[in-house]
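Here is what each chain is made of, one letter per residue.
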Amino acid sequence: MEKIVVDGGRKLEGEAHVQGSKNASLPIIGATILTGGENVLHMCPILKDTITACEILNLLGCKTVWQGKTLIIDSGGVCRNEISKCLMNKMRSSIIFLGAILARCGEATVYFPGGCDIGSRPIDLHIASLKKMGVEISESCGELRCRVSGSRIHGAEIFLSFPSVGATENILLAAATARGETVINNAAIEPEIKDLCDYLNKCGAKIFGGGTQVIRIKGVEKLTPCEYNIMPDRIVAATLLCGVAVTGGEVLLNSVRPSHLSSVLPVLADMGCVVRACENTIFLKAKNFLISSSPIRTMPYPGFPTDLQPIMMALACVSRGTTIFVETIFENRFRHVPELRRLGASIKIEGRVAVVEGVKMLRGASVYATDLRGGASLLVAALAAAGKTEIFKVCYIDRGYEKIEQQFSKLGASVFRV
Ligand code: UD1
């Protein structure tokens, strides 16, 4: 079985570039379905999930070609409207293709999506919103048959009971070429939503308020393809910062948007790191020891991201004092905890709360990635641990990080894949 092996305890130093955002790429790749022509997406990360997204497009009749980190998608030939069960099982984001397929084809067959097991992850908000826009949906044994009643999806006023990222994206994709106006109230305001809106507007959509809680979409007849630069990945940027901080090192991150990390950088500063942010760079210098942070509660953007909870927990494991984590977004997002304990971490869990008592030192061990960010958390912890750590089930980490072992080894870590 493939594994990442880390010989921990080395101070990391240097400069790093941040890859394009996975969570921005996926809905934009889905959105190209709406354009019926050749799109050029720069800074598209080459990952398990973006490759799965291309497989979905190919299945629907699109052509996809990678040229380095540029993904060229020709959606002119869309001729099918079903995503196979196998592809839907590979990643949860496959569900956001639904709005785009319905807008383009008028019909779609999909299945309940799979993905990382971090909670029940229902799609009721996606379904209720599409129904409000005139889509008839019937479900049988996990299969969703969807059909637009009338010739086009129609606009609607939608209130999301929770600002779901995926539901907001699905509605945007369905609404961009719908008849009439759609308003999304309590929309997700994550930067990836703004990136999707910017891409769609570049294709000719009329979307106002992307990145705010109220988004207005005036449906247009047709979108045209475009060339677009995907935003940098804020979760990868923070993972690199945490990996360096946990070793007492120093790093200059390039091609990053510090404003996307406004709830994360203060935590690193709180833990004793010097953090300086400029327009597109972040400099971090850590002390030889970290101090525990005030309680960390995951929240929708601009709150502390749930995707960084496991990774920041790795830092808390070796910080002086106690750090409390409250996970409010996903109910099953502490699966990395037993693995961190194998490295010597002291963590107690009570429901959605984890209490981490910092220990003097972690020790290398064999551990298993349990999900994407949980796997990254183990890697960060391993960088600080004395001795050798083997991380198995690396396939989870590969869903979101481009050759993560190379990124850390460039900074001086002893980490390799076997
Ligand atoms: C996206 C991100 C993921 C991140 C999450 C929260 C992508 C590809 N993934 O996931 O990395 O962790 O946002 O920031 O962008 N919910 C419902 N019903 C729904 C939809 C969601 O109850 O119809 C609940 C979920 O179970 C979860 C919460 O809402 O508890 C957040 O989900 P959502 O914002 O939709 O996350 P994703 O789009 O799946």
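Report on the accompanying structure.

Conventions used here
Residues numbered from 1 in each chain as written. Predicted model: local features only at pLDDT ≥ 70, side-chain atom pairs only at ≥ 80, totals over all residues. Heavy atoms only, no water. Salt bridge = Lys/Arg side-chain N within 4 Å of Asp/Glu carboxyl O. Helix = DSSP H or I, 4+ residues; strand = E, 2+ residues; numbered from the N terminus. Buried < 20%, exposed > 50% of the residue type's maximum accessible area, 1.4 Å probe, protein only. Pairing = 2+ DSSP bridges. Axes fitted to C-alpha atoms, helices over the stretch in contact; angles between N-to-C directions. Contact = heavy atoms within 4.5 Å. Near = heavy atom within 4 Å. Polar contact = N/O pair within 3.5 Å; in protein donor to acceptor, adjacent residues only side chain to side chain. Areas by Shrake-Rupley, 256 points an atom, 1.4 Å probe, with all protein chains shown as cover. 1 Å grid on protein atoms, 1.4 Å probe; cavity = no way out; pocket = protein on both sides within 12 Å on 5 of 7 lines; lining within 4 Å. Sits in = over half its atoms within 2 Å of the grid points. Nonpolar A, V, L, I, M, F, W, Y, C, P; charged D, E, K, R; others polar. Domains from an automatic or database assignment.

### Quick notes on the pattern of salt bridges
Next up, step 1: Evaluation of the coordinates by the stated rule reveals 17 salt bridges.
Next up, step 2: Residue D49 pairs with K22 through a salt bridge whose shortest N-O separation is 3.8 Å. One end of the pair, D49, is in helix 2 (residues 48-60); the other, K22, is in helix 1 (residues 22-31), with 27 residues separating them in the sequence. Accessibility classification places D49 together with K22 in one group, the buried group.
Next up, step 3: One salt-bridge network, held together by shared partners, links E2, D398, E405 and R417.

### Points about the sheet that holds strand 6 (residues 107-111)
Next up, step 1: What the three strands build is an open sheet, ordered 6-8-7; its pairing is antiparallel. The sheet terminates laterally at strand 6 and strand 7 (135-140), the two strands that pair on one side only. Averaged over all pairs of adjacent strands, the angle between strand axes in this sheet comes to 15°, irrespective of strand direction.
Next up, step 2: Bridge count between strand 6 and strand 8 (residues 143-148): five bridges; the pairing is antiparallel. Paired with E107 across the bridge in strand 8 is R147.
Next up, step 3: Lying on the sheet, helix 4 (residues 97-105) is in contact with strand 6, strand 7 and strand 8; it crosses strand 6 at an angle near 155°.

### Some thoughts on the site of the ligand
Next up, step 1: Within the structure, the ligand sits among 18 residues, and D124, L125, S164, D307 and I329 are positioned closest to it.
Next up, step 2: In this structure, R92 approaches the ligand through a side-chain N or O atom, which is 2.8 Å from an oxygen atom.
Next up, step 3: P122 is positioned such that a nitrogen or oxygen atom in its backbone is 3.4 Å from an oxygen atom of the ligand.
Next up, step 4: Bound to the protein, the ligand loses 85% of the 740 Å² it would expose on its own.
Next up, step 5: Here the ligand occupies the largest pocket.
Next up, step 6: Those elements that place two or more of their residues in the shell around the ligand are helix 5 (124-132) and helix 6 (165-175).
Next up, step 7: If you tally residues by element for the shell around the ligand, the top one is helix 5, at three residues.
Next up, step 8: A breakdown of the residues in the shell around the ligand according to their chemical character gives seven nonpolar, six polar and five charged.
Next up, step 9: Taken domain by domain, the shell around the ligand gets at least three of its residues from each of domain 1 (3-18 + 232-417) and domain 2 (22-220).

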